[in-house]
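# Reading the structure
Below are the chains, spelled out letter by letter.
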Amino acid sequence: MIRTVESEQHVSAPVLAAYSYCETVTGQQARNFAYGIRLLPTPKRRAMSAVYAFSRRVDDIGDGALAPDVKAARLEDTRALLSRVRDGRVDEDDTDPVAVALAHAAAQFPIPLGGLDELIDGVLMDVRGETYETWDDLKVYCRCVAGAIGRVSLGVFGTEPGARGAERASEYADTLGLALQLTNILRDVREDAEGGRVYLPADDLAKFGCSAGFDRPVPPVGSDFAGLVHFEVRRARALFAEGYRLLPMLDRRSGACVAAMAGIYRRLLDRIEREPEAVLRGRVSLPGREKAYVAVRGLSGLDARHVSRRTVRRRV
């Protein structure tokens with residue numbers, strides 16, 4: 001069982017200011033993430049904002065226009081900052097608000113900071129321009145950039161006392177991260193291609209005649225692009241189904257947070273499945289009202305109850 005701190009404790013003015021900065025970053029830049037963390041109690045919401053702000057910094061380095069060697073150096077600088085957080089060497093009056101907030105969050109919750117090291121490793125894979133021959137190869141990358149964040153987030157959420165199967169909570173959090181990342185890859189296939197990145201496994205691309213890539217708003221000539229998308233959608237749905245087994249292990253508001261974030265991506269997956277070629281014309285997204293509906297549904301606990309009933313039926 002993973003336990004977390006639930007009660008609000010005194011937080012100093014410098015730390016509050018650092019958290020405020022991280023929450024601003026999250027609100028401005030997290031298109032989907034912010035809908036989930038709004039459902040959390042204040043201490044958890046602040047901690048998740050600190051995690052997001054650090055992750056955003058790492059991603060921004062990887063996505064920026066700097067030369068690869070400069071990006072690699074900056075990522076290692078960020079890793080050194082993470083080491084200072086881990087070792088308790090960040091003071092409240094430190095000039096870096098993200099470091100201050102993350103250090104405070106790590107002192108309040110059992111956050112496995114090694115997951116953020118894995119994130120840096122994953123972004124370094126992007127910097128090196130790595131491609132992936134098989135799904136097993138791509139899973140390594142997805143676990144670094146998304147599965148690890150699921151495990152880090154679980155350190156903030158915790159599991160409910162006596163939750164059945166809680167020893168597998170970290171595994172389910174990791175799997176849910178893979179589902180989210182594969183959905184991201186499908187959504188951003190054109191944008192990534194324009195940036196010179198290919199994430200979908202080469203084996204899958206060859207199987208569906210898509211090895212030529214996605215640098216145009218139409219599928220490669222002679223390809224079965226819809227078949228490729230539907231194949232990857234089925235894979236993502238299987239990951240969601242497994243990862244959703246985490247929900248009944250969480251308290252109501254943490255479960256709502258996870259259900260909201262995952263629910264948004266599942267609806268994106270539905271849209272991509274209905275119109276595969278839309279991802280070649282631009283980024284597929286959900287309107288704000290639909291994201292809000294998903295968040296309310298998560299808060300109601302419908303998804304968690306559904307997963308719980310399904311799990312019980314499997315045992316009977």
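Residues numbered from 1 in each chain as written. Predicted model: local features only at pLDDT ≥ 70, side-chain atom pairs only at ≥ 80, totals over all residues. Heavy atoms only, no water.

### Concerning the packing of helix α7 (residues 135-157) against helix α8 (residues 169-187)
As a reminder, the rule being used: Fitted lines through C-alpha atoms serve as axes, helices being fitted only where they are in contact, and the angles separating the N-to-C directions of these axes extend from 0 to 180 degrees. The numbering of helices and of strands both runs from the N terminus, where a helix is a DSSP run of H or I of at least 4 residues and a strand a run of E of at least 2. For classification purposes, an angle smaller than 35 degrees is called roughly parallel, one larger than 145 roughly antiparallel, one from 65 to 115 roughly perpendicular, and anything else oblique. Crossings are sorted by hand: turned counterclockwise from the far helix by less than a right angle, the near helix makes the crossing left-handed, and turned clockwise it makes it right-handed. Residue polarity follows a fixed list, in which Ala, Val, Leu, Ile, Met, Phe, Trp, Tyr, Cys and Pro are nonpolar, Asp, Glu, Lys and Arg are charged, and the others, Gly among them, are polar.
Relative to each other, α7 and α8 sit at 120°, their axes nearing to 7 Å. Put simply, α7 runs oblique to α8. In the packing of α7 onto α8, the handedness of the crossing is right-handed. In terms of residue class, the contact of α7 with α8 is made up of 13 nonpolar, five polar and four charged.

### Notes on the confidence of the model for the protein chain
Using the following cut-off: Scored from 0 to 100, pLDDT reflects the predictor's confidence in each residue. Contact criterion: two residues are considered in contact whenever any of their non-hydrogen atoms come within 4.5 Å of each other.
For the protein chain, the mean per-residue pLDDT works out to 91, and 91% of the residues sit at or above 70. Taken as a whole, residues 1-7 scores under 50 in pLDDT and shows 24 contacts with residues more than four places along the chain or in a different chain. Confidence over residues 311-316 falls short of pLDDT 50; this stretch has three contacts with residues more than four positions distant or in other chains.

### Concerning the pattern of salt bridges
Note the cut-off: Whenever a carboxyl oxygen of Asp or Glu lies within 4 Å of a side-chain nitrogen of Lys or Arg, that contact is scored as a salt bridge. A simple rule labels every residue: compare its accessible area, found with a 1.4 Å probe on the protein chains alone, to the largest value its type can have, and call it buried under 20%, exposed over 50%, or partly exposed in between.
Under the criterion given, the structure shown has 30 salt bridges. R57 is the partner of D96 in a salt bridge, and the nearest nitrogen-oxygen pair spans 2.7 Å. Separated by 39 residues along the polypeptide, D96 in the loop between α4 (68-86) and α5 (97-108) and R57 in helix α3 (residues 42-63) bring together distant segments of the chain. Judged by relative accessible area, D96 falls into the buried class, the value being 14%. Among the salt bridges present, the one from E273 reaches R237, with a minimum N-O distance of 2.7 Å. Taken as a pair, E273 in helix α12 (residues 252-274) and R237 in helix α11 (residues 225-243) lie far apart in primary sequence, 36 residues in all. Its relative accessible area of 32% is what places E273 among the partly exposed residues. Judged by relative accessible area, which is 29%, R237 ranks as partly exposed. Through salt bridges with shared partners, a single ionic network connects E76, R79, R86, D117 and D121.

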